[in-house]
Amino acid sequence: PGVVVESTKIVKKDVVEDIDPFEGMVSDMKHQVNHGKYSKIATALADLIAKEDDRNKYLQNFKDEEVTDEDLPNLCRDDLMELIPKMGPRNRFKKWMQQR
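Just so you know, the residues in each chain are numbered from 1, in the order the chain's sequence is written. Thresholds applied to this predicted model are a pLDDT of at least 70 for local features of residues and 80 or more for the giving and counting of side-chain atom pairs; totals over whole chains, interfaces and linings are not thresholded and use all residues. As a convention, hydrogens and water are excluded, and side-chain values are obtained from all of the structure's heavy atoms.

Chemist: Please clarify how the nonpolar core should be interpreted in this entry.
Modeler: General note: in soluble globular proteins, nonpolar side chains tend to be found buried as a group. The term nonpolar core refers to a set of buried residues drawn from Ala, Val, Leu, Ile, Met, Phe, Trp, Tyr and Cys, joined through side-chain atoms within 4.5 Å. Relative accessibility under 20% of the residue-type maximum defines a buried residue, over 50% an exposed one, and the middle range a partly exposed one, all with a 1.4 Å probe and only protein chains included. Ile41, Leu45, Phe62, Leu72, Leu75, Ile84 and Phe93 are the most contacted members of the largest nonpolar core, which totals 17 residues. In DSSP terms, a helix is any run of H or I states spanning at least four residues, a strand is any run of E spanning at least two, and both are numbered starting from the N terminus. Of all elements in the fold, only helix H2 (39-48), helix H3 (52-64), helix H4 (77-83) and helix H5 (87-99) reach the threshold of two or more residues within this core. Considering every element that reaches this core, the biggest residue donor is H2, with four residues. Ignoring any residue separated from it by four or fewer positions in sequence, one finds Leu72 in contact with Ile41, Phe62, Phe93, Trp96, Met97 and Arg100. What makes two residues a contact is simply this: any of their non-hydrogen atoms within 4.5 Å.

Chemist: Quick question: what am I supposed to make of H2 here?
Modeler: All of the buried residues in H2 are Ile41, Ala42, Ala44 and Leu45. Along the axis of H2, the buried positions cluster into a sector of 165 degrees, meaning they face one direction only. If you follow the buried residues of H2, they end up packed against H3 and H5. Note that the arc is defined by the directions from the helix axis to the C-beta atoms.

Chemist: How do you make sense of a negative patch on the surface when you look at a structure like this?
Modeler: What makes a patch is a set of residues exposed beyond 30% relative accessible area and free of salt bridges, joined within 9 Å when like-charged and within 5 Å when nonpolar (Val, Leu, Ile, Met, Phe, Trp, Tyr). A 1.4 Å probe and the Shrake-Rupley method give the accessible areas. Residues count as covered only by the protein chains that appear here. What counts as a salt bridge is simple: a side-chain nitrogen of Lys or Arg found within 4 Å of a carboxyl oxygen of Asp or Glu. Under the counting rule used here, the positive set is Lys and Arg, the negative set is Asp and Glu, and His together with the chain ends is not counted. In this description, the location of a charge corresponds to atom NZ of lysine, CZ of arginine, CG of aspartate or CD of glutamate. A cluster of acidic residues, Asp64, Glu65, Glu66, Asp78, Asp79 and Glu82, forms a negative patch at the surface. At three residues, H4 tops the list of elements feeding residues into the negative patch. Looking at where Asp78 falls in the secondary structure, it is placed in helix H4.

Chemist: Whenever I open this one, the side chain of Asp54 confuses me. Can you help?
Modeler: By secondary structure assignment, the location of Asp54 is in helix H3. Contact partners of Asp54, with chain neighbours within four places excluded, come to Ile49 and Lys86.

In structure tokens form, the structure reads like this:
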């Protein structure tokens, strides 16, 4: 009883190409990392912010200020302006908070 993973080969005009069954898994796993007390924040940022660099920077802002998931209901406009300086992402995050 174990998992057997087989590689598939595709042959096109005398070219053999190995298909990696794990391709994309690392990327998917990075997005599923457990952020503990920041997991709701991380999930919201992943859903709302297109640029990964911005998502990571904003999440780090929450961590640097020790703002956890439990603190979300207590955040005011000024707090959000500091945590998420860009207006568009901040407004999307604010809307997400209001819908929770």
